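# Descriptive structure summary
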Amino acid sequence: MARDGIPRPHAQVVRGEVIADVWGEPDCPGLSSREGRWDLWSRSASPPTCTPSQLSPAAWRWASSRLSKSQGRGGDQRWNQPTLARQSARQHNSPATAELAAAGAREAAAMSSVLYYALPALGSYAVLSIFFLRRPRLLHTPGVPAFRPRLGAHRGGSGERLENTMEAMENAMAQRADLLELDCQLTRDGVVVVSHDENLSRQSGVNRDVSSLEFEELPLYKEELEIYFSPGHFAHGSDRHMVRLEDVFQRFPRMPMSVEVKEENQQLIHKIASLVRHFDRNEITIWASEKSSIMKKCKAANPEMPLSFTRCRVIRLLLLYYLGLLPFVSIPEKFLLCFLPTIINRLIMRKSLIQHLEQRGVQVVFWCLNEESDFEVAYSLGATGVMTDYPTALRRYLDNHRAAAQVS
């Protein structure tokens, strides 16, 4: 409505037509009369469409003038909408935009193609992995184990007698132990002795290395030694002498043993390998070491002795298991001597993994467990055996559970 009170036409020109909210010719479709005036259709969401021939000349001139001014000034958004629409259409029809759209379409098609083939392949791989994890003998032929250790005596049974002494080993044998776990060092005169530490401070109170002394110069053990895996508890014994590995082999000729080498001492490794051959113990003496570099030398010195997993090999084993690749990979080791007591190991060790290893001829022995609750966890996971500082306690547990199984 103009200042003089006379209504003025309102119009928009789009593609040669006038979209009008006007007063003008009564034959313009959609226009109506009310109280002698034409409605202003500017309030309508769907204004009528009129051609120039349907408007009065004055209305057409006024609409054209108003439209040009609005477009030139960037005026009322209602008048600018058709212009913005045309500009947007031109932008979307530009060659660069078309090429980007085409590239996006190609990427989407490529992704769809990858998913089309990858998802079924991954599904098939998962099914096969689970199938052979449960049935590994379809791919691998396990060897027959020479022995199955249910009860292992850690350091000869260091919780009940002084560690690595002949008295401790005799006590373990009295409890029907299936395996003796020993650590070896080399004296200056080339004698392989059973000793966990290279330095004798903790064991004997003498700050000397085993390698700096001859066998006859080795000091006695202390009268009592703290049990490493049971802090605050001490072991006692009447036998305080360090023993030669040769003497242990002679005393227990058919007793399975795990011999751990802690240092990269080529002479020590070769002497152990020679003693094992001399006493015909290749099948019942296990090479053990935490380091893969040492284990490689042990295997070269006597490849007939069964191997245990090193620390790096255990990590690799777990990665293969969780990636689903373990059923398709060969395993040269025959024993997994695994440290169990921490909550982390209980989380990563799975019954399905242990069962898979057992079916492939790899025996799992957890150490060093000294509580009945730990015994329960290990055997419930399916372990072959347990290594303990207290062979008497483990023997009691095994006998009680055997009796309970027979009753049930």
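The following paragraphs examine the structure supplied in this document. (Residues numbered from 1 in each chain as written. Predicted model: local features only at pLDDT ≥ 70, side-chain atom pairs only at ≥ 80, totals over all residues. Heavy atoms only, no water.)

### Structural notes on the pattern of salt bridges
The following threshold applies: By salt bridge we mean one thing: a side-chain nitrogen of Lys or Arg within 4 Å of a carboxyl oxygen of Asp or Glu. A run of DSSP states H or I qualifies as a helix once it reaches four residues; a run of E qualifies as a strand once it reaches two. Both are numbered from the N-terminal end. A 1.4 Å probe rolled over the protein chains alone gives each residue an accessible area, and that area as a share of the maximum for its type sets the label: buried under 20%, exposed over 50%, partly exposed in between.
Across all of its chains, the model carries 18 salt bridges by this definition. With its nearest N and O atoms 3.7 Å apart, the salt bridge here joins Arg188 to Glu214. Taken together, the residues span a long stretch of sequence, with Arg188 in the loop between strand 7 (179–186) and strand 8 (192–194) and Glu214 in the loop between helix 5 (201–204) and strand 9 (224–226) at a distance of 26 residues. Using a relative accessible area of 47% as the deciding quantity, one classes Arg188 as partly exposed. One salt bridge in this structure joins Glu217 and Arg188, with 3.5 Å as the shortest N-O distance. Here Glu217 is found in the loop between helix 5 and strand 9, whereas its partner Arg188 is found in the loop between strand 7 and strand 8, with 29 residues between them in sequence. On the basis of relative accessible area, Glu217 is assigned to the partly exposed category, the value being 41%.

### Looking at helix 11 (residues 351–359)
Within helix 11 the residues assigned to the buried category are Leu353, Ile354, His356, Leu357 and Glu358. Once helix 11 finishes, Gly361 follows within two positions and takes phi at roughly 85°, a positive value.

### Some remarks on the layout of surface pockets
The condition that has to hold: The definitions used throughout rest on a 1 Å grid laid over the protein atoms alone, on which a cavity is an enclosed set of points accommodating a 1.4 Å probe that cannot get out and a pocket is an open set flanked by protein within 12 Å on both sides along at least five of seven lines; lining residues are those having an atom within 4 Å of a point. Grid points are joined across faces, edges and corners, and a volume is the space filled by probe spheres set on the points.
Quantified by volume, the largest pocket comes out at close to 740 Å³. Lining the largest pocket are 34 residues, with Glu260, Glu290, Leu337, Phe339 and Trp367 sitting closest to its centre. When contributions to the lining of the largest pocket are tallied by element, the ones reaching two or more residues are strand 7, strand 9, strand 11 (257–260), helix 9 (311–323), strand 13 (335–339) and helix 10 (343–348). With 4 residues, helix 9 is the single largest residue contributor to the lining of the largest pocket.

### Some thoughts on the pairing of strand 11
Defined as follows: Should DSSP find at least two bridges between two strands, the strands are regarded as paired. If the strands point away from the viewer and the path from the first strand over the helix to the second runs clockwise, then the crossover is right-handed.
Neither face of strand 11 is open: one carries Met257 and Val259, the other Ser258 and Glu260, and all of them are buried. The sheet contact formed by strand 7 and strand 11 spans 4 bridges and is parallel. The residue of strand 11 that forms the bridge with Leu182 is Val259. Examined bridge by bridge, strand 11 and strand 12 (residues 285–288) share 4 bridges and lie parallel to one another. Residue pairing in the sheet places Glu260 in a bridge with Ala288 of strand 12. Following the backbone out of strand 11, through helix 7 (residues 266–278) and into the adjacent parallel strand 12, one traces a crossover that is right-handed.

### Overview of empty space enclosed by the protein
Condition: Residues were grouped as follows: Ala, Val, Leu, Ile, Met, Phe, Trp, Tyr, Cys and Pro as nonpolar; Asp, Glu, Lys and Arg as charged; and all remaining residues, including Gly, as polar.
Taken as a whole, this structure holds 2 cavities of 30 Å³ or more when the rule is applied. Reported here for the largest cavity is a volume of approximately 60 Å³. His154, Arg155, Ser158, Glu163, Leu225, Glu226, Ile227, Tyr228, Phe229, Ala235 and Asp389 together form the lining of the largest cavity. Of the residues contributing to the lining of the largest cavity, the split by class is 5 nonpolar, 2 polar and 4 charged. The calculated volume of the second largest cavity comes to roughly 40 Å³. Phe309, Arg313, Arg316, Leu317, Leu320, Leu326, Val329, Ser330 and Ile331 are the residues that line the second largest cavity. The residue makeup of the lining of the second largest cavity, split by class, is 6 nonpolar, 1 polar and 2 charged.

### With respect to helix 7
Note the cut-off: Under the convention used throughout, the expected extent of a helix is 1.5 Å for every residue step, that is, one less than its residue count. This arc corresponds to the set of directions leading from the helix axis out to the C-beta atoms. Any two residues whose heavy atoms approach within 4.5 Å are treated as being in contact. Pairing of N or O atoms within 3.5 Å defines a polar contact, subject to two protein rules: one partner must be a possible hydrogen donor and the other a possible acceptor, and residues neighboring in sequence count only if both atoms are side-chain atoms.
Counted at 1.5 Å a residue, the expected span for helix 7 with its 13 residues is 18 Å, and the 18 Å between its end C-alpha atoms agrees. Every buried residue of helix 7 is listed here: Leu268, Ile269, Ile272, Ala273, Leu275 and Val276. Projection of helix 7 onto a plane perpendicular to its axis shows the buried side chains occupying an angular sector of 160°, all on one side. Structurally, helix 7 contributes buried residues whose contacts are with strand 7, strand 8, helix 6 (245–251), strand 11, strand 12 and helix 8 (292–301). The distance from a side-chain oxygen at the start of helix 7 to the backbone nitrogen of Gln267 is 3.1 Å, and the residue carrying that oxygen is Asn265. Phi for Asp280, located one or two positions after helix 7, is positive at around 55°.

### Brief notes about the environment of Thr388
Mapped onto the fold, Thr388 is located in strand 15 (residues 385–388). Overall, Thr388 belongs to the buried group, its relative accessible area being 0%. Residues Thr388 and Asn370, spaced 18 residues apart in sequence, show a C-alpha to C-alpha distance of 5.6 Å. Those residues in contact with Thr388 that lie beyond four places of it in its chain are Gly152, Ala153, His154, Cys368, Leu369, Asn370, Phe375 and Leu394. From its side chain, Thr388 meets the backbone oxygen of Leu369 in a polar contact 2.7 Å long. There is a polar contact of 3.0 Å between the side chain of Thr388 and the side chain of Asn370.

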